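Tertiary structure, described
Single-letter residue listing:
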Amino acid sequence: MKIDRRGFLKIGGLGILGVAVKPVIDVVSKAKLAEASSKKGVLVEKRLAMVVNLKNCKEGCTDCIAACHGVHNVPDIANPKDEVKWIWTESYENAFPDQEHRFIGGGMKGSPAILLCNHCDNPSCVRVCPTKATFKREDGIVMMDYHRCIGCRFCMAACPYGSRSFNWRDPRPFIKKVNPEFPTRTKGVVEKCNFCEERLAKGLIPACVESCKNKALVFGNVEDPNSEVREILRSNYTIRRKPGLGTGPQIYYIV
Amino acid sequence: MFEKALIGSKKYWGLAIGLLAIMGVGAIFYLQQWNYGLGITGMSRDVSWGLYIAQFTFLVGVAASAVMVVLPYYLHNYKAFGRITILGEFVAVASVIMCLVFIIADLGQPTRALNIVLYPTPSSILFWDMIVLNGYLLLNILIGWNVLASERKSVPPPAWVKPLIYISIPWAVSIHTVTAFIYAGLPGRGFWLTAIMAPRFLASAFAGGPALLILLSLIIRRFTKFDPGKDAIQNLGKIVAYAMSINVFFILLEIFTVFYSQIPEHMHHFEYIFAGLGEHGKLVPWMWASVSLAVVSLILLVNPITRRRESILALACVIVFFSLWIEKGFVLVVTGFIPSPLGRVFEYTPTVPEIFITLGIWAMGFLILAILYKIAIAVKEEIEA
Ligand code: SF4
Ligand code: SF4
């Protein structure tokens, strides 16, 4: 359904109207569905997603965090007030507040869950951004333009997953080793996980996925029925964070 | 007319210099913020909006003072307000300017502020807020200035002003509605996710704006030869009484829904402000202060005997103003972030630089207001003499 709507948006040339007219399009698109899917070549479909297998995630291991933060020049500010993080851990109960109960078993209670931006299908951060500094790509990656961001932090209020960090101060002194291939940020802009867009462009997989020795992270195109992510989603029961909010998170968890 | 702002008594100049001094201190602290970044404030990764955005939200409300005098005068021909429409319009001008400056002060990259215009994004409520606020500012400047200029020449205002006045009435409603939408449309922020946000904004605005206007009118009567009129003040008092009652009623509605439904994502925020969560309860005394002030103000305002006594009415207005300031100028914004979507309670306390920058912007607003009022009153005194 989502795919066809996007296809229809393109065909109708309505893409620019974007989110504001989305509910209307939702209704219309059903009728136009057949028409849209018949036009070949328009529906280049790709939807990047990740599966996090918390069963494989070793307690105390921070390989993925180190890899991501290293490659993306994420400053290491210990102070929780000013901290910046792209991928991090939080206790299971905090990550999945709507799944929490007194008798959580399977070793999940209090155990850390890997969190990152969900690259939502219907991202509220994109909807609220007044400058399009946060935007969603065709392949589903929710991206940031650090040069356009005015630092209003509307997106931080809008993200229901706490995925966004603001540079409350100059981050550069807190970067231990600068990776010259990725830009450092200035104070006053927001940042978050970019699904390693810069690595994907070079044909590499995301740094966190690459760094995990236990195969706790799997990345791929969920629109491709033969992809590894799809295979895992088929054979395992997975959950997502706060699915009831309608944001359509694209990080799936095996617990 | 502007020359009238440049001739004034010692008191006028004293006030202006005092306000300029506070602005200067604020500017020095802003320079610090400019160099260091917003980390100089108490805001954090969890509580990412604080005092600045809260002041902006509160002041959008104060800007409503204009419509509450313009509407009765122009739509219902209520003559007593004719003398003070200009006072309401100039309060609107000063408060909208403060709103805009508070937004700029809150931006991480203020030099890029124009990106909102360069890359217009209709899906963003901030984009619409920019339009309605600037529009309201322009309307009130045009209307206020032209009506005053023609009053001075004892001619009716130019014909094109009338439609602008009519437009300004629904426009005033729009600034509160759109500002409320900034909050009321965000998934995962249970404290704000309520359809009654916009009505609440309107009710508190129609209480707070006129309350300030009453106080200003009383000050003007005291210090100048211009009398805004007993009737006008009394009727503004009634408006404050009604609006404040409705505001308190709306808050009670929220409290019912939240505590009867027992949905944690909504309830935790209210528990945080009324009782505190665990050892975290910095806002509890503030919230109870706001509640108590609201109750006292209602007793004074609803009772006609107390309301008719101007000194008590003035006291009630001060109380209304502070009660609303705590509720809207602080608690409403901060509590939306506490607890965070991840259930973490990270409290917020504004820092010294943040407080002085805030005071500096308020001082700037009052200076603008003082200058505009000086002009308006000089014209009025001239006519009456
Ligand atoms: S997780 Fe948050 S930041 Fe990431 S796409 Fe969803 S709403 Fe946006
Ligand atoms: S802080 Fe930057 S990315 Fe976030 S909403 Fe504002 S302009 Fe957009």
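Rules and cut-offs
- Residues numbered from 1 in each chain as written.
- Chains lettered and ligands numbered in written order.
- Predicted model: local features only at pLDDT ≥ 70, side-chain atom pairs only at ≥ 80, totals over all residues.
- Heavy atoms only, no water.
- Helix = DSSP H or I, 4+ residues; strand = E, 2+ residues; numbered from the N terminus.
- Expected span 1.5 Å × (residues − 1).
- Phe/Tyr/Trp six-rings, centres within 6.5 Å; stacked < 30°, edge-to-face > 60°.
- Buried < 20%, exposed > 50% of the residue type's maximum accessible area, 1.4 Å probe, protein only.
- Salt bridge = Lys/Arg side-chain N within 4 Å of Asp/Glu carboxyl O.

Observations regarding helix α9 (residues 230-261) of chain B
- Counted at 1.5 Å a residue, the expected span for α9(B) with its 32 residues is 46 Å, and the 47 Å between its end C-alpha atoms agrees.
- Looking one or two places after α9(B), you find Gln262(B), whose phi comes out positive at around 60°.

What to know about the packing of aromatic side chains
- Under the counting rule described, the total for this entry stands at 31 aromatic pairs over all chains.
- Judged by centre distance (5.0 Å) and plane angle (90°), the ring pair of Phe96(A) and Tyr253(A) falls under edge-to-face. Of this pair, Phe96(A) sits in the loop between α4 (92-95) and β3 (112-116) while Tyr253(A) sits in strand β9 (residues 251-254), and the two are 157 residues apart along the sequence.
- A relative accessible area of 0% places Phe96(A) in the buried class.
- Relative to Phe270(B), the ring of Phe191(B) has its centre 5.1 Å away and its plane inclined at 55°; by these criteria the two rings are tilted. Here Phe270(B) lies in helix α10 (residues 264-274) and Phe191(B) lies in the loop between α7 (161-184) and α8 (197-223), a separation of 79 residues in the sequence. Of the two residues examined, Phe191(B) and Phe270(B), each falls in the buried class.

Let's talk about the pattern of salt bridges
- The final tally for this structure, using the stated rule, is 25 salt bridges over all chains.
- Of the charged contacts, one joins Glu83(A) and Arg344(B) as a salt bridge, the two residues approaching to 3.7 Å between their closest N and O atoms. One end of the pair, Glu83(A), is in the loop between α3 (63-71) and β2 (87-91); the other, Arg344(B), is in the loop between α13 (310-335) and α14 (352-384), on a second chain.
- Arg344(B) gets classed as partly exposed once you look at its relative accessible area, which sits at 27%.
- Through salt bridges with shared partners, one network takes in Glu83(A), Lys85(A), Asp46(B) and Arg344(B).

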